[in-house]
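# A look at the structure
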Amino acid sequence: MKYILLYIPFLILPFFSSGQLKLFTKTAVISFSSKSPLENIEARNKNVLSVWDVNTGRVEFSLLMREFEFKKALMQEHFNEDYVESDKYPKAFFKGVIDGGNTLSTEADGIYNVTINGTLTLHGVQRQISAPVTITIKNKTVSAKSEFTVALADFNIKIPAIVANNISKQIKVQVYIAEYKPLANR
Amino acid sequence: MKKMTIFLFFFVANYSLNAQDLLDSIQDKNPANEKITGAFKSTRVINAHSIEMLSKGNLDFRIMHRFGFVSDGIKQLFGLDAATMRIGFDYGISDNFTVGIGRSTFRKELDAFVKTRLLQQTKGTKNIPLTIALAAGATVWTEPYAGAAKPDFSDRSAFYFQILAGRKFNSFFSFQLSPIIVHTNMPLSEEDDKTIFALGGGGRIKISKRMAITFDYHHPFGNQNVSFTSPTSIGVDIATGGHVFQLQFSNATGMNERAFITQTTGNFLRGDIRFGFNLSRMFQLGKKSW
């Protein structure tokens, strides 16, 4: 019986240890744009999930491909049906670590320019990417933004010759998080 | 020792708890409802309306061509010497409401329709297996009349009402049923029924991301001249950006519902087939708000 008492700390401990600060948002915005001689394509997803474990510097993102909104309905249809194949690959993920992220404190106001490295999973393909991130902390409100470029070929997204001049091979991706909120402990 | 094992178990369990995906802590367990789109590449299977709608603000400019019977032989260049066409504009007033107008050279006929989607195939927590849409239209022919007095507007008019019920079974195969009632105020012959009911359907088999094989067929029921047959078409859809090209072989000349349901001649299986194509060009009028 007394052994059971011994286990209790180990049962409870993780709940305290996850008292470590985690921040999250369900409304991160990820947009991408393709500039080409014939047309510009822009799309935006406003329902991106993200969690940032401040103590370890780990950051994760997840989004539904179908929630990208385009200015032209037909582009949106082609994006889902022909290019990223949202039926087969409904989600995209990023899992990475901020360089020196475990030393960041969300208590001190300031603007921090850091680098994040991690794995982007898109169209069923995993690729290592690295991106600069600007984290702004002001009155304990944490916001962040980032911009990077991905090559469609890296993710096995093929552009047929007939629209080669309409779609850029390099896609600029922008990430914006207006506010990371503390995640309640579970 | 056994106690030690239990101890270790908790230790490992705790560790793995922390190593879990961070996202699991905020992700919804229920899959989001997802509307199934793209059962067909175009708002027409070949001749008939498909269950697809135009998105709000989209203008679809459609040019359709039908040539003569391939069985006419080399003297008619296998039908290419004789061409009829329909030029039309369809517009998406909302995502679930499309209107369209057109004019065909065959009998110099004008047509107009409205189409609305009542139910859209959805998967997720809410599971809707079918898309259901209704189409209603009117036609009036304006060609010169050989007889003494040209029939008045009402006598030259016809109306149709169609139910479209279809499903995208998977990314390769879609199928729809499209029963239709066509009422012609003054049929070509007095013995012909004014109201013809037709049962039919259409489908798509995708063969690559941008190409698909399509087919549609309707069987008219009612008293009609025996030379009128069931419109049968088989074709290929080729989608390239804002264009959809539909190439087909069909026995129908008409490209509106009155014409192809009630006035198709030629037996498809005996080689009375025509080459034809539809060309659809999509324009986005006004920007989507985002």
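Below, the structure is looked at part by part. (Residues numbered from 1 in each chain as written. Chains lettered and ligands numbered in written order. Predicted model: local features only at pLDDT ≥ 70, side-chain atom pairs only at ≥ 80, totals over all residues.)

### Considerations on the overall build of chain B
Convention followed: For the purposes of this entry, the term helix denotes a DSSP run of H or I that reaches at least four residues, the term strand denotes a run of E that reaches at least two, and both are numbered from the N terminus. Note that the radius of gyration is over C-alpha atoms, with the globule rule given as 2.2 Å times the number of residues to the power 0.38. Residues are called buried when their C-beta atom has 20 or more other C-beta atoms within 10 Å, exposed when it has 12 or fewer, and partly exposed otherwise; all C-beta atoms are positioned from the backbone. A residue pair is marked as a contact if its C-beta atoms, positioned from the backbone, fall within 7 Å.
Of the regular secondary structure elements, chain B holds two helices and 15 strands. Taking 2.2 N^0.38 as the reference for a compact globule, 290 residues should give roughly 19 Å; the C-alpha atoms of chain B span a radius of gyration of 25 Å, well beyond that estimate. Along the first, second and third principal axes, the C-alpha atoms of chain B reach 110 × 40 × 35 Å. Out of the 290 residues belonging to chain B, those deemed buried represent 36%. For chain B, the share of sequence-separated contacts (at least 6 apart) that also reach a separation of at least 24 residues comes to 58%.

### Focus: the overall build of chain A
Within chain A, the regular secondary structure consists of two helices and nine strands. Every one of the 186 residues in chain A was classed for burial, and the buried ones make up 25%. For chain A, the share of sequence-separated contacts (at least 6 apart) that also reach a separation of at least 24 residues comes to 58%.

### Describing the environment of T119(A)
Residues and elements named next belong to chain A. As for its position among the elements, T119 is in strand β6 (residues 110-122). For the pair T119 and I129, spaced 10 residues apart in sequence, the C-alpha to C-alpha distance is 6.0 Å. If near-sequence neighbours (up to four positions away) are discounted, T119 is found in contact with K95, G96, Q126, R127 and Q128.

### Here's the deal with the pairing of strand β15 (residues 274-284) of chain B
All names here are of chain B. Using the following cut-off: Strand pairing is assigned whenever DSSP identifies at least 2 bridges connecting the two strands.
Judged from the 10 bridges that link them, strand β2 (residues 58-69) and β15 form a sheet pairing that is antiparallel. Counted as the bridge partner of R62 is S280 from β15. As paired strands, strand β14 (residues 243-250) and β15 are joined by eight bridges and run antiparallel to one another. Residue pairing in the sheet places L247 in a bridge with F277 of β15.

### Some thoughts on the nonpolar core
Residue and element names in this part refer to chain A. Put simply, the rule reads: Note on terminology: a nonpolar core is a set of buried residues of type Ala, Val, Leu, Ile, Met, Phe, Trp, Tyr or Cys, with members joined through C-beta atoms within 7 Å.
Residues A28, V48, F61, L63, A144 and Y180 are the most contacted members of the largest nonpolar core, which totals 31 residues. Of all the secondary-structure elements, those providing two or more residues to this core are β1 (22-35), β2 (40-53), β3 (58-64), β5 (91-98), β6, β7 (125-138), β8 (141-151) and β9 (170-182). When residues in this core are grouped by element, the largest group, five residues, is from β2. The contacts of A28, once residues within four sequence positions are left out, are V48, S50, F61, V175, Y176 and I177.

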